[in-house]
Amino acid sequence: MRATMLRRSLREHPGPTVAGLVGLLAAAWLIRYALRGDQHTLGLLAGAWVLGWIVLPLLLGGGRGRVRPAHLRLEPIGGIPAAVGLLAASAIGIGPAVSLVALAALPVHAARYGAVAVLVTAGGAVLLWLLGLIGSAIALEVVGHAGGPAGALLTGVFTGTAMGVAGSLWAVFPWVSVLLVAAPEEVVRAMAYVPSAWPLSAVTGPTGQGARLTATLVGIVALCAAAYIMLVRRVIATGVPFRPRRTTALPLVRRGGDELAARRGTTAASPAEDGQAQRGWRAWVPAATRAVVGRELRAWTRHPLRLQYLAFAVVYGALLAGLPLLSDVDLLLPWAGPLAVLGVAAMSAGLVGLDGTALWLPLTTPGGERAEVRGRALAWLVLVTPIGVLLAVAGVILAPDVDPLAALSTLPALLGAGASVPVWVSLLRVRPVADPRHPTAADNPTDIVSVLVATAAGLLATAPVLALVIWGPSEVAPLLPLVGLLGGAAAWWGGVWLADERLARRGTTVLAAAGQRSRPPETVLPLTWDLQWCRENTSTAWALGLLTVGWIPVIPQGLMPLAFGIDSGWIVAGHLSGSAHTAMGLAMVGLGVAMLLTGLVLWDRRPQPGGS
């Protein structure tokens, strides 16, 4: 069955073949590195390969052409034969074959120690291959059956890691080059606890260590196999890998007080007790707003795309601040919290498009528009504030020599802008998904304009703090937290007012846009240079160019020399001094902002297919 599915898949889709060729090239490089490379680095690369084999199918939909335990429910077969057959079927494919070739780098490296070392390391490589095979089967069955949130969370972590590494290449490349030459001492100590390093450590370590490490690796594989057998048995018997969550029905009641008590799980409360419950912070937040807050918090923890965006932004911001440590640069560590908050705000600039026609509820409720806007903003604030504070405090602890006042002062400004402005942006530019009830990773309710507007709002809210840090006298430093709070409060009220106006005056327009099952056709962008396309779509081509190049004057040529004093050879302001240095940096920021704004205008006015 699996072989037939594989043949049909290869005939219909060239993607697996292309991925297999790329994997073979990577495996060939790994084998070439094993000839003369460092033992501990090779073990680290082998472990990364096995981990990628387990995780990547969850992100790329690798379980679609897979024989699953649920397919065998009607067959007269036991748990152990079914598990063995499913693992054998899983071994038929491009991924397992390429992984086996890549893990052959371990015995290739051990060839310098003799024939016995090659045999022992080859056995360890086979155990690692089995570990990856069984781990991938367990992950696909458990996470794939979880209904999407777990897979979406992993997707967000993976994409955030990839973007964080890509954004910090200047810090990663020197560390990678050192690692490829010889692993640092701390890496060598850590690799003693990583199973992918044990096959080589078994032949290079002291006498008796090889048998102990091999036996431990065999035990880990056996435990994973036993877990998979129990999982298969469970699926064959019940159809699901885990017992579904039980729900308790509430008793039917007639009186309002008894109904409220039944929902709370207590007896009916007296009016005095209800009055006491409404005191405190609840008295400041209307009941309708609290209901929207609860709904939004549940949506953030259950909706796959929201989880994916949240994980992406948090990981991306943390890595942008933390990866420079690889080059002994801890200047950005206190900024981990502000960067993560800014990322979550940018990724929240299109969430109304995920709700579909559910937006009719606040439109048909008296005062519902006001409660909807404030509930969304408060829920975002409740969710993101602890994340930003924890990351900022962690950065301060890890970098005690860096002054954290500027970073901590910008945090409330970013929180205020990030809570309210994305609500307005998502109401202003609604991009509906095809099916709000069954969202997929292909559904993207945000666009570049929405992201940039939400990001610009956060930067505008922090502008007073950054201006005082750069050009203000040292005597105003104690006032920076107050300035940040005022900037966040102003951004909060401004965003809430704009969102209130939009939903109250254009609510039916927003509802109609959110209820569309299909989006208007977008301009198709070529993947290669096409001069004829540029002539026919001049405004779109200029918009793409300005939005791509406009960041260079703003960040490297402007903010880096002004805020961080970085003046390398290609930075224009670095060749000047005094007031000319500051003027050139400000001019570069102004030039970049003008380029980005022009690009946004041109992109918004680009011609649409069909003559619209």
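Provided above is the structure to which this section pertains.
This section reports on the structure supplied with the text. From a predicted model like this one, the values you see are computed outputs, not experimental measurements. (Residues numbered from 1 in each chain as written. Predicted model: local features only at pLDDT ≥ 70, side-chain atom pairs only at ≥ 80, totals over all residues. Heavy atoms only, no water.)

1. Regarding the pattern of salt bridges
Argument step 1. Per the stated rule, a full pass over the model turns up 7 salt bridges.
Argument step 2. The partner of Glu 372 in a salt bridge is Arg 295, and the shortest N-O contact between them spans 2.8 Å. Taken together, the residues Glu 372 in helix α19 (residues 368-398) and Arg 295 in helix α15 (residues 287-302) connect sequence positions 77 residues apart.
Argument step 3. A single network of salt bridges, built from pairs that share partners, joins Arg 295, Glu 296, Arg 306, Glu 372 and Arg 376. (Salt bridge = Lys/Arg side-chain N within 4 Å of Asp/Glu carboxyl O. Helix = DSSP H or I, 4+ residues; strand = E, 2+ residues; numbered from the N terminus.)

2. Some points on the packing of helix α20 (residues 405-428) against helix α22 (residues 480-505)
Argument step 1. Put simply, α20 and α22 touch, their axes get as near as 8 Å, and they point 5° apart. In terms of their interaxial angle, α20 and α22 are classed as roughly parallel.
Argument step 2. In terms of residue class, the contact of α20 with α22 is made up of 19 nonpolar, 7 polar and 1 charged. (Axes fitted to C-alpha atoms, helices over the stretch in contact; angles between N-to-C directions. Parallel < 35°, antiparallel > 145°, perpendicular 65-115°, else oblique. Nonpolar A, V, L, I, M, F, W, Y, C, P; charged D, E, K, R; others polar.)

3. Notes on the packing of aromatic side chains
Argument step 1. In the structure shown here, the tally under the stated rule is 4 aromatic pairs.
Argument step 2. Taken together, a centroid distance of 6.1 Å and an interplanar angle of 40° make the contact between Trp 53 and Trp 129 tilted. With a gap of 76 residues between them, Trp 53 in helix α3 (residues 39-60) and Trp 129 in helix α7 (residues 115-144) connect regions that are remote in the sequence. Exposure class is identical for Trp 53 and Trp 129. Each is buried.
Argument step 3. Consider the rings of Phe 312 and Tyr 316, whose centres lie 5.6 Å apart with planes at 25°: the pair is stacked. Of the two residues, Phe 312 and Tyr 316 are both situated in helix α16 (residues 304-322); the distance of 4 residues between them amounts to about one turn of the helix.
Argument step 4. Tyr 316 sits in the partly exposed class, given a relative accessible area of 25%.
Argument step 5. Sitting over the face of the ring of Trp 300, Arg 306 holds its NZ or CZ atom 5.3 Å from the ring centroid. (Phe/Tyr/Trp six-rings, centres within 6.5 Å; stacked < 30°, edge-to-face > 60°. Buried < 20%, exposed > 50% of the residue type's maximum accessible area, 1.4 Å probe, protein only. Lys NZ or Arg CZ within 6 Å of the ring centre and 35° of its normal.)

4. Observations regarding the environment of Ile 138
Argument step 1. The residue Ile 138 is located in helix α7 in this model.
Argument step 2. Residue class for Ile 138 comes out partly exposed when judged on its relative accessible area of 21%.
Argument step 3. Residues Ile 138 and Val 232 lie 94 residues apart in sequence; the distance between their C-alpha atoms is 9.4 Å.

5. Concerning the packing of α19 against α20
Argument step 1. At their nearest, the axes of α19 and α20 sit 9 Å apart, and the two run at 150° to each other. Judged by the angle between their axes, α19 and α20 are roughly antiparallel. In this structure, the crossing between α19 and α20 has a hand that is right-handed. In contact with Val 373, Arg 376, Ala 377, Trp 380, Leu 381, Val 384, Thr 385, Gly 388, Val 389 and Ala 392 of α19, α20 contributes Leu 408, Leu 411, Leu 415, Gly 418, Ala 419, Ser 420 and Val 423.
Argument step 2. Of the residues contributing to the contact of α19 with α20, the split by class is 12 nonpolar, 4 polar and 1 charged. (Left-handed = near helix turned anticlockwise from the far one by under 90°. Contact = heavy atoms within 4.5 Å.)

6. Quick notes on the environment of Trp 493
Argument step 1. With respect to the secondary-structure elements, Trp 493 resides in helix α22.
Argument step 2. Looking at Trp 493, the relative accessible area reads 55%, which means it is exposed.
Argument step 3. Along the sequence, Trp 493 and Gly 416 sit 77 residues apart, while their C-alpha atoms lie 8.4 Å from each other.

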